[in-house]
Amino acid sequence: MVTPLNAPRGIRVVADGHGSPTFVWFKRRQRRVARIRNIWRIDDEWWRQEISRHYFELELSDGTVITVFQDLTSRTWCWQRC
Amino acid sequence: MTILCLIIPHLPVQWELKRHPELAQAALVIGGFPHERKTVFDCSEKATASGICLGMTLRQASHRCPDTISLPVDEVGYNRAFDEVLDILNQFSPFVEADGLGRAFLDISGTEHLFGPAENLAGQISNEVIHKTGLQSQIGIASNKFVASIAASLASTRSLILTSGQERSFLQSLPIELLPIAPEATTWLKRLGLRTMGQVADLPINALDSQLGQDGLMAHRLAKGIDKRMVKPRPRPDVLEQSLSFDHPLVDMDALLAAIGSLLGKLVPTLRSRYQVCHEIRLRFCFDNGRAWQDTVALKTPLDSEQEMLSILKRHLETTSLPEGLAEVQLALARLGREFGRQSSLSTGTRSRQHEALQRLERDMEHKFGQSPLKRVVELDPDSRIPERRLALMDAHLNG
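Residues numbered from 1 in each chain as written. Chains lettered and ligands numbered in written order. Predicted model: local features only at pLDDT ≥ 70, side-chain atom pairs only at ≥ 80, totals over all residues. Heavy atoms only, no water.

Novice: I tried to follow the overall build of chain A on my own but got confused; where do I start?
Specialist: Helix and strand counts for chain A come out as 0 helices and 8 strands. Going through the 82 residues of chain A one by one, you find that 34% of them count as buried. Considering only residue pairs separated by 6 or more positions, chain A has 34% of its internal contacts joining residues 24 or more positions apart. Working note: accessible area of chain A is about 5,400 Å², and carbon and sulfur atoms make up 47% of it. (Helix = DSSP H or I, 4+ residues; strand = E, 2+ residues; numbered from the N terminus. Buried < 20%, exposed > 50% of the residue type's maximum accessible area, 1.4 Å probe, protein only. Contact = heavy atoms within 4.5 Å. Areas by Shrake-Rupley, 256 points an atom, 1.4 Å probe, with all protein chains shown as cover.)

Right under this line is the structure:
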């Protein structure tokens, strides 16, 4: 049996009007996004099950750096190591 | 220091009588056949009573006693029998020294806590030797090697034990022939009218030194019961050996490799328990027609791994075919040495050992839980833009 490693995990995110995260609930605590360090998009496999993700590399108020993305097809937020 | 000396009197004769009990009443001479130009190596008490002594030519011996039965010397057999005795002695003390064929010294200082007083220890050793080898022994215990060896040679059925301080009085009346010095020195002492060790001990040391040199000094020291020589433990045998006999002669190479694997399975744990590695593997094949074939494999890297040894032997034997049915295979791990650090390879290094350990773990877990939870990380598409497509977990299946 093959189990993919680093599968996306759901995360609660509050975004501003432009769709940029401002608060995240990470490790059971709400944290403020201090800075967005990087942004990129992945659009792939449109010919079968489309993957369309908007990634944000975030620096949180306590200094932790995490990567989250918004699945643009389902409008859900996920956390993933990149 | 407490030294025990064990003597197996007439070991060759005892050994031959064990093999040929029908010769118990004969005047037995060991050295060769009467027509051979050889000398008497050992002889039985009956032969000695007939006037035969060690070093006499066999021809002279047969003239002296025409009824003697002569046997050729089997030094390998005698040495093997004595090695068995030494192995028994090693159970009582780690300090065992073989002093020629049939005589051994043990340093038994401090062993009274394990085996009780010296009398008990001597009794235990004597019983063990006769029980396991069938050889009669004489035991002497004293504070040094010389006095212990004299005590052993004078002991009969019971062991002779001397406490510290009794040495000089014990040696006082014994003949000077018992001193281990050159025969010329003994003759010179006799010419002076000296007959006992007590008389030698009373001489001024300067006189003995000026007349006999080192022999004189040694004679004086030993006659006074002073001997500072230590027991030098014998080196451990450098070979681990096992053999396997087959009821039906083997003709198949795979079966031979399985047999070799089983022998390695017996030997390697012993090797590891001694924290040693093996530099050489010796194979001996005995065929059903009585012929034998011997092979030695020198290892580039000293090993203590059963798996690695087996794979080397497999490669070594892969071009070989068995000419006849194989009746017995003997495997010896030789040139054993200490385990030492080795340079790990940058790529693989100790991975084979780790792999073996993991294989064992997986087998154990499968045995215990029905399946192994061990997984391995595999690269699916390392360059994928989608992170979860890059790596995955798969069942390990380390045992194939």
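And the narrative resumes.
Novice: Any chance you could explain the interface of chain A and chain B here in plain terms?
Specialist: Interfaces are often described in size by the accessible area the parts lose on coming together. In this assembly, 20 residues from chain A lie in contact with 11 residues from chain B. A buried area of about 1,300 Å², summed over both sides, lies between chain A and chain B, and 54% of it is on carbon and sulfur atoms. At the surface where chain A touches chain B, the tally comes to 2 salt bridges. Measuring nitrogen to oxygen at the nearest pair gives 2.6 Å for the salt bridge that ties Arg53(A) to Glu388(B). (Buried area = accessible area lost by both parts, 1.4 Å probe. Salt bridge = Lys/Arg side-chain N within 4 Å of Asp/Glu carboxyl O.)

Novice: Sorry, what's going on with the pattern of salt bridges here?
Specialist: Opposite charge on two side chains allows them to pair when their charged atoms are near. Residues and elements named next belong to chain A. If you walk through the whole model with that rule in mind, you get 21 salt bridges over all chains. A salt bridge links Arg41 to Asp43, with the nearest nitrogen and oxygen atoms 3.0 Å apart. The network of salt bridges with common partners includes Arg35, Arg37, Glu57 and Glu59.

Novice: Where do I start with unusual backbone geometry in this structure?
Specialist: In most cases, non-glycine residues show a negative phi, while peptide bonds are predominantly trans. Unusually for a residue other than glycine, Glu45(A) sits at a positive phi of about 50°. With respect to the helices, strands and loops of the structure, Glu45(A) is situated in the loop between β5 (29-44) and β6 (51-60). With a phi angle near 45°, Arg335(B) is a residue other than glycine that sits in the positive phi range. The residue Arg335(B) is located in strand β12 (residues 326-338) in this model. On the accessibility criterion, Arg335(B) (41% relative accessible area) is partly exposed.

Novice: Any chance you could explain the pairing of β6(A) here in plain terms?
Specialist: Across a regular strand the side chains alternate sides, sitting on one face of the sheet and then on the other. Of all 10 residues in β6(A), 7 are buried; the element is thus mostly enclosed. The turn joining β6(A) and strand β7 (residues 65-71) of chain A, which pair antiparallel and follow one another in sequence, is formed by 4 residues; a positive phi near 95° is taken by Gly63(A). (Pairing = 2+ DSSP bridges.)

Novice: Where do I start with helix α6 (residues 118-133) of chain B in this structure?
Specialist: Owing to its 3.6 residues per turn, the α-helix brings residues three or four apart onto one side. Residue and element names in this part refer to chain B. For α6, built from 16 residues, the straight-helix expectation of 22 Å at 1.5 Å per residue is met to within 8% by its first-to-last C-alpha distance of 22 Å. Inspection of α6 places Leu121, Ala122, Ile125, Val129 and Thr133 among the buried residues, and these make up the whole buried set. Across the axial projection of α6, the buried residues extend over an arc of 100°, all falling on one side. Exposed residues lying more than 90 degrees from the buried face of α6 are Asn127 and His131. Where α6 is buried, its residues contact β1 (3-7), α1 (11-19), α4 (75-90), β6 (103-107), α5 (112-115) and β7 (138-142). Once α6 finishes, Gly134 follows within two positions and takes phi at roughly 75°, a positive value. (Expected span 1.5 Å × (residues − 1). Arc of directions from axis to C-beta.)

Novice: What am I meant to see in the packing of aromatic side chains here?
Specialist: Any two aromatic rings considered together are summarised by their centre-to-centre distance and by the angle between their planes. Across all of its chains, the model carries 8 aromatic pairs over all chains by this definition. Consider the rings of Phe41(B) and Tyr78(B), whose centres lie 6.1 Å apart with planes at 15°: the pair is stacked. Of the two residues, Phe41(B) is situated in the loop between β2 (28-30) and β3 (42-43) and Tyr78(B) in helix α4; the sequence distance between them amounts to 37 residues. Since its relative accessible area comes to 33%, Phe41(B) is described here as partly exposed. A relative accessible area of 0% means that Tyr78(B) is categorised as buried. Put simply, the rings of Trp40(A), Tyr55(A) and Phe69(A) pair up and form one aromatic cluster. (Phe/Tyr/Trp six-rings, centres within 6.5 Å; stacked < 30°, edge-to-face > 60°.)

Novice: Help me understand the packing of α1(B) against α4(B), please; the structure alone is not making it clear to me.
Specialist: Relative placement of two packed helices is described by the angle separating their axes and the distance separating the axes. Residues and elements named next belong to chain B. Contact geometry of α1 with α4 gives a least axis separation of 10 Å together with a crossing angle of 95°. In terms of axis orientation, α1 runs roughly perpendicular to α4. Contacts between α1 and α4 involve Leu11, Pro12, Trp15 and Glu16 from the first element and Gly77, Tyr78, Ala81 and Phe82 from the second. Its residues assigned to classes, the contact of α1 with α4 comprises 6 nonpolar, 1 polar and 1 charged. (Axes fitted to C-alpha atoms, helices over the stretch in contact; angles between N-to-C directions. Parallel < 35°, antiparallel > 145°, perpendicular 65-115°, else oblique. Nonpolar A, V, L, I, M, F, W, Y, C, P; charged D, E, K, R; others polar.)

Novice: Teacher, can you tell me more about the sheet that holds strand β13 (residues 375-379) of chain B here?
Specialist: In sheet architecture, strand pairing relies on hydrogen bonds along the backbone and comes in two forms, parallel and antiparallel. Ordered by their spatial adjacency, 3 strands build an open sheet running β1(A)-β14(B)-β13(B), and the pairing between neighbours is antiparallel. Each of the sheet's edge strands pairs with one partner strand only, and the pair in question is β1 (3-4) of chain A together with β13 of chain B.

Novice: Just checking my understanding: could you explain the sheet that holds strand β3 (residues 12-15) of chain A for this structure?
Specialist: Residues and elements named next belong to chain A. Spatially, the 7 strands line up as an open sheet ordered β2-β8-β7-β6-β5-β4-β3, and their pairing is antiparallel. Strands with a single pairing partner mark the edges of an open sheet, and in this sheet they are β2 (9-10) and β3. Across 10 bridges, β5 lies against β6 in antiparallel orientation. By the bridge assignment, Arg41 is partnered in β6 with His54.

Novice: Hey, could you run me through the confidence of the model for chain B in this one?
Specialist: Do not read the predicted coordinates in detail wherever pLDDT is low. When pLDDT is averaged across chain B, the result is 86; 96% of the residues are at 70 or more. Model confidence for the complex: the whole-complex pTM is 0.54, and ipTM, which rates the interface, is 0.89. (pLDDT = per-residue confidence, 0-100.)

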